[in-house]
Amino acid sequence: QKAMLEKRNQQIINGTGTNGEVLGIFNVSGTNAVAFGTDGGAVNYTRIVEFESDISSNDVPLTRCGYVTNSKVIGAMKSTQKFASFGAPILEGNMANGYEVYLTNEVRSDYTKGTGKGLSGMAFLNADFCYTTEWGGLELMVNPYIEGDGAVRVECFDTFDMQVTRAIALSVAKDIQA
């Protein structure tokens, strides 16, 4: 069951929308793009606010919003001050500028941009415009044929879909140096 949930998480974040995969939030077209630099750039408070501003400028309410990123960006946000003259970090606890930040290492850290390599992603989303649906829950079936080593094979089926219904309710960056 854990492997099935990990696969579902991977698809919700990075799914290609082909070969039976859902279209993950980092591959949705028409979203707000937050650029950290020509070759990528370090995480900073101005860009964090830009994620939110891009959504609200499209008349999307900033309710039920949150960030999702990987452990590299989380570490950078914890060790980067909001302002040069003020000591508070961008990420305090699990909050950045009043919004929760969710950690999953399914968010890639191998993006390239210009000469920048090994760049990380981050997304900010209003959850009211992202839906997941499942049919029948997790199905387990024992294969009636015994494997050559005498083991019994159990097959799992998970039928679900995920849809971002309003792309402008999502801001995405794929060029964070962390």
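As a reminder, the structure under discussion sits directly above these lines.
About the thresholds
- Residues numbered from 1 in each chain as written.
- Predicted model: local features only at pLDDT ≥ 70, side-chain atom pairs only at ≥ 80, totals over all residues.
- Heavy atoms only, no water.
- Helix = DSSP H or I, 4+ residues; strand = E, 2+ residues; numbered from the N terminus.
- Buried < 20%, exposed > 50% of the residue type's maximum accessible area, 1.4 Å probe, protein only.
- Areas by Shrake-Rupley, 256 points an atom, 1.4 Å probe, with all protein chains shown as cover.
- Lys, Arg positive; Asp, Glu negative; His and termini not counted.
- Charge placed at Lys NZ, Arg CZ, Asp CG, Glu CD.
- Core = buried A, V, L, I, M, F, W, Y, C linked by side-chain atoms within 4.5 Å.
- Contact = heavy atoms within 4.5 Å.
- Pairing = 2+ DSSP bridges.
- Arc of directions from axis to C-beta.
- Polar contact = N/O pair within 3.5 Å; in protein donor to acceptor, adjacent residues only side chain to side chain.
- 1 Å grid on protein atoms, 1.4 Å probe; cavity = no way out; pocket = protein on both sides within 12 Å on 5 of 7 lines; lining within 4 Å.
- Points joined across faces, edges and corners; volume = space filled by probe spheres on them.
- Phe/Tyr/Trp six-rings, centres within 6.5 Å; stacked < 30°, edge-to-face > 60°.
- Lys NZ or Arg CZ within 6 Å of the ring centre and 35° of its normal.

Another aspect to go through is the overall build of the chain. Of regular secondary structure, the chain possesses three helices and 13 strands. Along the three orthogonal principal directions, the C-alpha set of the chain runs to about 65 × 35 × 35 Å. Out of the 178 residues belonging to the chain, those deemed buried represent 36%. With an accessible surface of roughly 9700 Å², the chain has 51% of that area assigned to carbon and sulfur atoms. Looking at the chain, you have 14 positive and 20 negative side-chain charges, and the mean spots of the two groups are 6 Å apart.

Nonpolar side chains in soluble globular proteins generally cluster together in the buried interior. I48, F51, Y67, M77 and M122 are the most contacted members of the largest nonpolar core, which totals 25 residues. If you list the elements that add at least two residues to this core, you get α2 (45-56), β3 (65-69), α3 (71-78), β8 (99-103), β10 (116-126) and β13 (170-177). Setting aside anything within four residues of it in sequence, one finds F51 in contact with V34, F36, Y67, M122, A123, F124, S171, V172 and A173. If you look at the next biggest cluster of nonpolar residues, it comprises 16 residues, including Y111, A123, L170 and V172.

Before going further, it helps to spend a moment on the pairing of β10. The buried fraction of β10 is high, at nine of eleven residues. Relative to β10, β3 runs antiparallel, the two being bridged by five bridges. Residue G66 lies in a different strand from β10, and its bridge partner there is L125. A loop of two residues connects strand β9 (residues 111-113) with β10, the two strands running antiparallel in sequence, and G114 in this loop sits at a positive phi of about 55°. Note: β10 against β13, five bridges, orientation antiparallel. Residue pairing across strands places S120 opposite I176, the latter belonging to β13.

In this section: α3. Residue pairs spaced three or four apart in an α-helix point in one direction, given the helix's 3.6 residues per turn. The complete set of buried residues in α3 reads V73, I74, A76 and M77. The buried residues of α3 occupy one face: seen down the axis, they fall within an arc of 165°. The opening residue of α3 is N70, an N-cap whose side-chain oxygen sits 3.1 Å from the backbone nitrogen of K72.

What the largest pocket holds in volume is close to 360 Å³. In terms of lining residues, the largest pocket is bounded by 16 residues, among which G66, V68, Y102, L125 and A127 are the most central.

Right, let's get into the side chain of S171. Tracing the sequence through the fold places S171 in strand β13. When residues no more than four places from it in sequence are discounted, the contact partners of S171 are N32, V34, F51, D54, I55, M122, A123 and F124.

One pass over the full model with this rule turns up five aromatic pairs. Ring geometry for Y45 and F83: centres 5.2 Å apart, planes at 70°, overall edge-to-face. Placement of the pair is Y45 in helix α2 and F83 in strand β4 (residues 81-83), with a sequence separation of 38 residues. The exposure class assigned to Y45 is buried, which follows from its relative accessible area of 15%. Take F83: its relative accessible area is 44%, and that puts it in the partly exposed class. For the cation-ring pair, R108 lies above Y111, with the distance from its terminal atom to the ring centre recorded as 4.1 Å. When the ring centre of F129 is taken as origin, the NZ or CZ atom of R166, which lies over that ring, is 5.5 Å away.

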